[in-house]
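These are the residues of each chain, in order.
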Amino acid sequence: MAEQFDVVIVGGGQAALAASYFLRRAGLTYVILDNGAQAGGAWVHGWDSLHLFSPASYSSLPGWPMPDTPDGSYPTRDEVLDYLRRYEARYTPPIRRPVTVGRVERAGGKFLNIRTNAGDFLSRAVIGATGTWSAPFIPDVAGHEFFGGTQIHSAHYQIPAPFAGRRVLVVGGGNSGAQILAEVSLLANATWVTLQDPVFLPDDVDGRVLFERATARVLGNAGAMPTGGFGDIVMVPPVRAARERGVFHAVRPFVRMTATGVVWPGGQEEAIDAIIWCTGFRPALSAFAPLDVIEPDGLIHVNGQQAIREPRLWLLGYGSWCGPASATLLGAGRVARSMIRQLTDWLASPTQDV
Ligand code: FAD
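Residues numbered from 1 in each chain as written. Predicted model: local features only at pLDDT ≥ 70, side-chain atom pairs only at ≥ 80, totals over all residues. Heavy atoms only, no water.

## Things to note about the side chain of Ser-154
Now for step 1: Turning to its location among the elements, Ser-154 is positioned in the loop between strand S7 (150-153) and strand S8 (167-171).
Now for step 2: Relative accessible area serves as the criterion here: at 4%, Ser-154 is assigned to the buried category.
Now for step 3: What Ser-154 contacts, discounting residues up to four positions off in sequence, is Trp-47, Ser-176, Ile-180, Trp-277, Cys-278 and Phe-281. (Helix = DSSP H or I, 4+ residues; strand = E, 2+ residues; numbered from the N terminus. Buried < 20%, exposed > 50% of the residue type's maximum accessible area, 1.4 Å probe, protein only. Contact = heavy atoms within 4.5 Å.)

## Focus: the sheet that holds strand S11 (residues 256-257)
Now for step 1: Here three strands make up an open sheet; going across it, the order is S11-S12-S13 and the pairing antiparallel. In this open sheet, the two strands that pair with only one neighbour each are S11 and strand S13 (269-271).
Now for step 2: Pairing analysis gives three bridges linking strand S12 (residues 261-263) to S13, with the strands arranged antiparallel. By the bridge assignment for S13, Val-262 is matched with Glu-270. (Pairing = 2+ DSSP bridges.)

## A few points about the site of the ligand
Now for step 1: Taken together, 28 residues surround the ligand, and among them Asp-34, Asn-35, Ala-42, Phe-53 and Ala-327 come closest.
Now for step 2: A distance of 2.8 Å is found between an oxygen atom of the ligand and a backbone nitrogen or oxygen belonging to Leu-329.
Now for step 3: Protein contacts shield 86% of the accessible area of the ligand, which totals 1,000 Å² for the unbound molecule. (Near = heavy atom within 4 Å. Polar contact = N/O pair within 3.5 Å; in protein donor to acceptor, adjacent residues only side chain to side chain. Areas by Shrake-Rupley, 256 points an atom, 1.4 Å probe, with all protein chains shown as cover.)

## Focus on the nonpolar core
Now for step 1: Membership of the largest hydrophobic core comes to 65 residues, with the highest contact counts inside it found for Val-7, Ile-9, Ile-127 and Ile-276.
Now for step 2: Take this core: its biggest share by element is nine residues, from helix H6 (residues 329-348).
Now for step 3: Beyond its immediate stretch of four places on either side in the chain, Val-7 contacts Leu-23, Leu-28, Thr-29, Tyr-30, Val-31, Ser-123, Ala-125, Ile-127, Leu-343 and Leu-347.
Now for step 4: By size, the runner-up hydrophobic cluster in this structure holds 24 residues, among which are Val-10, Val-104, Ile-114 and Ala-287. (Core = buried A, V, L, I, M, F, W, Y, C linked by side-chain atoms within 4.5 Å.)

## As for helix H2 (residues 77-91)
Now for step 1: The end-to-end C-alpha distance of H2, which contains 15 residues, comes to 21 Å, matching closely the 21 Å that a straight helix rising 1.5 Å per residue would cover.
Now for step 2: Buried residues of H2: Arg-77, Val-80, Leu-81, Tyr-83, Leu-84, Tyr-87 and Glu-88, and no others. Projected down its long axis, H2 shows its buried positions confined to an angular sector of 160°, all on one face.
Now for step 3: As for H2, its buried residues are in contact with helix H1 (14-26), strand S3 (95-96) and H6.
Now for step 4: Within two residues after H2, Thr-92 carries a phi angle of roughly 40°, on the positive side. (Expected span 1.5 Å × (residues − 1). Arc of directions from axis to C-beta.)

## Some points on the packing of aromatic side chains
Now for step 1: Applying the stated criterion across every chain, the model contains 15 aromatic pairs.
Now for step 2: Summarising the aromatic geometry, the rings of Phe-200 and Phe-248 are spaced 5.3 Å apart at their centres and angled 40° between planes, so their arrangement reads as tilted. Here Phe-200, found in the loop between strand S9 (189-193) and helix H4 (207-218), pairs with Phe-248, found in the loop between helix H5 (237-244) and strand S10 (250-251); they are 48 residues apart in sequence, far enough to count as distant.
Now for step 3: On the accessibility criterion, Phe-248 (17% relative accessible area) is buried.
Now for step 4: Ring centres 5.8 Å apart and planes at 35° place the aromatic pair Tyr-318 and Trp-321 in the tilted group.
Now for step 5: A relative accessible area of 10% means that Tyr-318 is categorised as buried.
Now for step 6: By way of ring pairs, the aromatic residues Tyr-21, Phe-22, Trp-64, Tyr-83, Tyr-87 and Tyr-91 are connected into one cluster. (Phe/Tyr/Trp six-rings, centres within 6.5 Å; stacked < 30°, edge-to-face > 60°.)

## Overview of the sheet that holds strand S14 (residues 274-277)
Now for step 1: The five strands are arranged S7-S14-S8-S9-S10 in an open sheet whose pairing can be described as parallel. With partners counted over all chains shown, the strands left at the sheet margins are S7 and S10, one partner each.
Now for step 2: Across two bridges, S9 lies against S10 in parallel orientation. Considered in S10, the bridge of Trp-192 is made with Ala-250.
Now for step 3: Sheet contacts for helix H3 (residues 175-184): S8, S9 and S14; angle to S9, the most-contacted strand, approximately 165°. (Axes fitted to C-alpha atoms, helices over the stretch in contact; angles between N-to-C directions.)

## What to know about the layout of surface pockets
Now for step 1: Looking at the second largest pocket, its volume works out to about 260 Å³.
Now for step 2: Elements with a contribution of two residues or more to the lining of the second largest pocket: H3 and H5. (1 Å grid on protein atoms, 1.4 Å probe; cavity = no way out; pocket = protein on both sides within 12 Å on 5 of 7 lines; lining within 4 Å. Points joined across faces, edges and corners; volume = space filled by probe spheres on them.)

## Concerning unusual backbone geometry
Now for step 1: In this chain, Arg-97 is followed by Pro-98 through a cis amide linkage whose omega measures -20°.
Now for step 2: Along the chain, Pro-98 turns up in the loop between S3 and strand S4 (101-106).
Now for step 3: Positive phi, close to 40°, is recorded for Thr-92, a residue that is not glycine.
Now for step 4: Its location among the elements puts Thr-92 in the loop between H2 and S3.
Now for step 5: Although it is not a glycine, Asp-292 adopts a positive phi angle of roughly 55°.
Now for step 6: By secondary structure assignment, the location of Asp-292 is in the loop between S14 and strand S15 (302-303).

## Side note on the pattern of salt bridges
Now for step 1: Enumeration over the complete set of coordinates arrives at 17 salt bridges.
Now for step 2: For Asp-34, the salt bridge goes to Arg-97, with nearest N and O atoms at 2.8 Å. Here the residue Asp-34 occupies a position in the loop between strand S2 (30-33) and H2, and Arg-97 occupies one in the loop between S3 and S4, the gap between them amounting to 63 residues.
Now for step 3: The residue Asp-292 makes a salt bridge to Arg-309 at a minimum N-O spacing of 3.3 Å. (Salt bridge = Lys/Arg side-chain N within 4 Å of Asp/Glu carboxyl O.)

## Thoughts on the packing of H3 against H5
Now for step 1: Between H3 and H5, whose axes approach to 9 Å, the crossing angle comes to 60°. Remark: the crossing between H3 and H5 carries left-handed chirality. Across from Ala-178, Gln-179 and Ala-182 in H3, the residues of H5 making contact are Pro-238, Val-239 and Ala-242.
Now for step 2: Of the residues that constitute the contact of H3 with H5, the class distribution is five nonpolar, one polar and no charged. (Left-handed = near helix turned anticlockwise from the far one by under 90°. Nonpolar A, V, L, I, M, F, W, Y, C, P; charged D, E, K, R; others polar.)

Spelled out as structure tokens, the structure:
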């Protein structure tokens, strides 16, 4: 027989932990189902040299601040992972791992049915917190299936060593592209390929400002803030060093791929050994497709965090479309606080009892 809860959280990364903190205080019954083998969500898969683009004080989940790094620098991937592991040990959220949610369906009446590889769960509400890491996006370039060289997405990039001495294209003009180019260019003959000229933030602007901008934009105060967003490149130390080496010359995309390389807009063909796609992610929403909530734009349309076409479904993380800066550590906590209040009220209201 299916276990029954007020709320099931699908995914067990930082967004789930933030929701869990407020759910426990609300006194609702809930469980977190995560297909990761360990704590940390997408951070488990970040590349070895990955640093946050804000200090620890701007990277904390509710309740327990992330400890400052010994030298005050931005936390590394391993420091974020350590924080998330210790956060779980401190609050012991009810996480089951590894459990993969395959489908979320309507069960009739008050419940959704959450179908997993560890059995079915019934729940009055579901919080989607599946993140984006499992849905890397690569543009559909003509001829990509013929390319015989190495192709990886930044989701699977770890270290620059495998690219040493090779002719490499780093595709994508955001922070991932800039950070990966910065280190790959030390070992490889690397070219940066971007749709437009990349936008670099001033050296003294970091994730703190991006966070405030995202919040101001959603609250309608953007006029008071300088323009810019989470896609703009933060000048973390390795990126600054690469700029000093003159690495950041970007060219516009190739028009076609061949078995051995690419063809540039002018028709010139060039041999390439490897392409690193730093072209972003899409929200990993496929488990919710049986609810018929996924729109042609690939998103689930929400009012705040509540899905418009299925009010038992709520979404946290993913991007600012479901809450200001909600894909960040600090933003997830702030959004979770108001979301759980609304979810609790909704569960207590007669309108949900259909
Ligand atoms: P995830 O961490 O992706 O967690 C989702 C979890 O759900 C995963 O464990 C996944 O395995 C699981 N899951 C997925 N589908 C299912 C399913 N069907 N069933 C069960 N489990 C499932 N944020 C900051 O705050 N500061 C920064 O400086 C910063 N820098 C970043 C730099 C880079 C290069 C990147 C890529 C991101 C950065 N972020 C930063 C953003 C952000 O913190 C992460 O993307 C974050 O991991 C999102 O958390 P999440 O909980 O929403 O999703």
